[in-house]
Structure formats: structure tokens, C-alpha cells
Amino acid sequence: MSVWLQDCSWQELAERRQAAKNVVIIPVGSTEQHGNHLPLGTDTMVAMMLAEDGAMRTGVVAAPPLWFGWSPHHMVLPGTITVRPEILIEVLYDVIQSLQAHGFTKFIVINGHRIVNIPWMQLAAERAQRQMGVKVVLFDPAYMSKEIIGKLGFGPVGHSEEIETSQMLYKHPDLVHMEKALDNPVPKHELYSVDPGYAGDTLCYVPSSLKDMQRSADVAGGTTGTPAKTCPVKGKEYHEHLVGNLIKVIRQLQQI
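Everything numeric in this text was worked out from a predicted model, so none of it was measured.

Analysis parameters
Residues numbered from 1 in each chain as written. Predicted model: local features only at pLDDT ≥ 70, side-chain atom pairs only at ≥ 80, totals over all residues. Heavy atoms only, no water. Salt bridge = Lys/Arg side-chain N within 4 Å of Asp/Glu carboxyl O. Helix = DSSP H or I, 4+ residues; strand = E, 2+ residues; numbered from the N terminus. Buried < 20%, exposed > 50% of the residue type's maximum accessible area, 1.4 Å probe, protein only. Phe/Tyr/Trp six-rings, centres within 6.5 Å; stacked < 30°, edge-to-face > 60°. Lys NZ or Arg CZ within 6 Å of the ring centre and 35° of its normal. Expected span 1.5 Å × (residues − 1). Contact = heavy atoms within 4.5 Å. Patch = residues over 30% accessible without salt bridge, like charges linked within 9 Å, V, L, I, M, F, W, Y side chains within 5 Å. Areas by Shrake-Rupley, 256 points an atom, 1.4 Å probe, with all protein chains shown as cover. Lys, Arg positive; Asp, Glu negative; His and termini not counted. Polar contact = N/O pair within 3.5 Å; in protein donor to acceptor, adjacent residues only side chain to side chain. Pairing = 2+ DSSP bridges. Right-handed = clockwise from strand over helix to strand, strands pointing away. Axes fitted to C-alpha atoms, helices over the stretch in contact; angles between N-to-C directions. Left-handed = near helix turned anticlockwise from the far one by under 90°. Nonpolar A, V, L, I, M, F, W, Y, C, P; charged D, E, K, R; others polar. Parallel < 35°, antiparallel > 145°, perpendicular 65-115°, else oblique.

1. Some words on the pattern of salt bridges
Now for step 1: Applying the stated criterion across every chain, the model contains six salt bridges.
Now for step 2: Lys171 serves as the salt-bridge partner of Asp53, at 3.0 Å between the closest nitrogen and oxygen. Of this pair, Asp53 sits in helix H2 (residues 42-58) while Lys171 is found in helix H6 (residues 162-171), placing the two residues 118 residues apart along the sequence.
Now for step 3: On the accessibility criterion, Asp53 (10% relative accessible area) is buried.
Now for step 4: Residue class for Lys171 comes out partly exposed when judged on its relative accessible area of 27%.

Set out below in C-alpha cells:
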């Protein structure tokens, strides 16, 4: 049985909502350059495969994904589609409001566009909770995998690096072209790291300028990190860690 809302009739959806105790997953990603070796839809695919596996194991429903995110820095390369955060806030709010009108009260928003989408998601989630009385949690792979990244030997969060590539190679090997991958190690900067697992003091993340991103485009086709460390076995372990945490979140919400 499909976990996707769009595959249900309205009658089936009403029955499945009750069985799921009013929990629904909303996968959100982006459409943006992902180096020479990964597809433009990687971030959305990541959110979808987490949503699908978590929903299949718990019986909840997943809403259709949002394929666009906040990606101004990736406009340096073709195929990127960026939407203004103020628009994205309204879109996510309207999705939650529509589902709430038909009985869903507990929402898990999966952010496949790690870290970058979080600010506007927080604003939409807070307003939804305040104005609708619903519960909204944000599930971001970069935050929800801090315990396992070091154990797997992966480097820091970058872009189309070994973390994303390993997960995609495990779940969508037909879309990964390792022969085109180029390494571009994440540079160390004092008091700054994109990676939420970084142990030192750090400034908060701000998307890079197009000028800064041009270097990444020139050196490694838009990649930041070391995809040479990619391993599908580690990708499976990473993915299953995330799915396990997602299941915990679903069960927690079903208890309230």
C-alpha cells in the first residue's frame, strides 16, 4: 500500500488519518545543482525516501513533496530553482492549514535541503502552532544524524559530499555518477561552521554569495566536501539511523 496522500481517495485518507492518530509527514527539499555526480532533485528525494520509509513502518501518511526551497547561492549553476523565503513560508503554512482543516493535527516537516530551509520553516511552523493549535516538528538530517556521522568516518556537512552521495548511492544508485565526482574539502574557518555537529563556538549559517559559490563551481562542479569517501554500505547505515529517529518522532507525536 502506498504511503502517499496523492495515491489515496478522500475516503481512504480519512480512514488512514484516524489510524495514524492524526500524524502526517510533509517532505520538503529543493531543486538545485548538486555537483557533477548527483541529480538536481537530490534534496527532495532525500526528504521523500525518509518520509516513505518512516511512513511505511508506522502507517502514517506522507503529503506530496515540495520540490522547491531557498537556494539563492546555488543559482551559480544551471537547473537551480530558488523561491523567496517569504513565499515558502506562505506555501508551507497553507499546506498545513489545508491538512488541518481535514483533521490532521500533528505535522512532521522533513527538510531534505539540510540547514538552509530551516529559518523559513521555523517561521511557518510557529505561526501554524499559534494560529491553528497544531503541533509541528522540523526533522533535518544534519541535526538528526550528529551521533552517527563521526562513527561512519564522514567529514563535515558540505554539499553533494560523501554524506548525501552515500545515501543516494544506497537508495538511488541509478542516479549517481561517481565517475564525475570531484572532491573539494570543506575549508576550516575560525568561529564558523555550517555543520551543526561542529563542537566549537560558531557563527550562525548564512547562505554563501554567488561570488563565493563560483569557486566551488570552478573547482568541483558545485561540490563542497569529499565524495571520494562515498560508501553505499555506510549510506544504508546513515539512512537507517535517520529513519529510526523519524519513527521515534512519529511515535512520540502519536502519544499526545
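2. What to know about the packing of aromatic side chains
Now for step 1: Taken as a whole and assessed by the stated rule, the structure comprises zero aromatic pairs.
Now for step 2: Between the NZ or CZ atom of Arg127 and the centre of the ring of Tyr93, over which it lies, the distance is 4.3 Å.

3. Quick notes on helix H8 (residues 232-254)
Now for step 1: With 23 residues, H8 should cover 33 Å at 1.5 Å per step; its first-to-last C-alpha distance of 32 Å lies within 8% of that length.
Now for step 2: Within the sequence span of H8, burial applies to Gly235, Tyr238, His239, His241, Leu242, Val243, Asn245, Leu246, Val249, Ile250, Leu253 and Gln254.
Now for step 3: Elements in contact with the buried residues of H8: strand S1 (23-28), H2, strand S3 (106-111), strand S4 (135-139), helix H5 (146-152) and H6.

4. Focus on a nonpolar patch on the surface
Now for step 1: Taken together, Trp67, Phe68 and Ile81 make up a surface patch of nonpolar side chains, about 260 Å² in accessible area.
Now for step 2: The partly exposed category is assigned to Trp67, whose relative accessible area is 34%.

5. Things to note about the side chain of Glu162
Now for step 1: In this structure, Glu162 sits in helix H6.
Now for step 2: Of the side chains bearing the opposite charge, Lys229 lies closest to the buried Glu162, which forms no salt bridge; the N-O distance is 4.4 Å.
Now for step 3: Of note is the side chain of Glu162, whose polar atom sits 2.6 Å from the backbone nitrogen of Gly155.
Now for step 4: Within the structure, Glu162 has its side chain in polar contact with the side chain of Thr226 (distance 2.9 Å).
Now for step 5: Apart from the residues within four sequence positions on either side, Glu162 is in contact with Phe154, Gly155, Gly225, Thr226, Pro227, Lys229 and Thr230.

6. Quick look at the pairing of S4
Now for step 1: Inspection of the sheet shows S3 paired to S4 by five bridges, in the parallel sense. By the bridge assignment for S4, Val109 is matched with Leu138.
Now for step 2: The β-α-β motif built from S3, the intervening helix H4 (residues 118-132) and the parallel element S4 has right-handed crossover chirality.

7. What about the packing of helix H3 (residues 85-101) against H4?
Now for step 1: Closest axis-to-axis distance for the H3/H4 pair is 9 Å, and the angle between their directions is 35 degrees. Considering how the two elements wind past one another, H3 and H4 form a crossing that is right-handed. In contact with Pro85, Leu88, Ile89, Glu90, Leu92, Tyr93, Ile96, Gln97 and Gln100 of H3, H4 contributes Trp120, Met121, Leu123, Ala124, Arg127, Ala128, Gln131 and Met132.
Now for step 2: Split into classes, the residues belonging to the contact of H3 with H4 amount to twelve nonpolar, three polar and two charged.

8. Describing the packing of H2 against H8
Now for step 1: In the contact formed by H2 and H8, the axes pass within 9 Å of each other and the chain directions differ by 55 degrees. Classed by the angle they form, the pair H2 and H8 counts as oblique. The two elements H2 and H8 cross, and the hand of that crossing is right-handed. Across the interface between the two elements, Met49, Leu50, Ala51, Asp53, Gly54, Arg57 and Thr58 from H2 touch His239, Glu240, Leu242, Val243, Leu246, Ile247, Ile250, Arg251 and Gln254 from H8.

On their own, these measurements won't tell you what the molecule is for.
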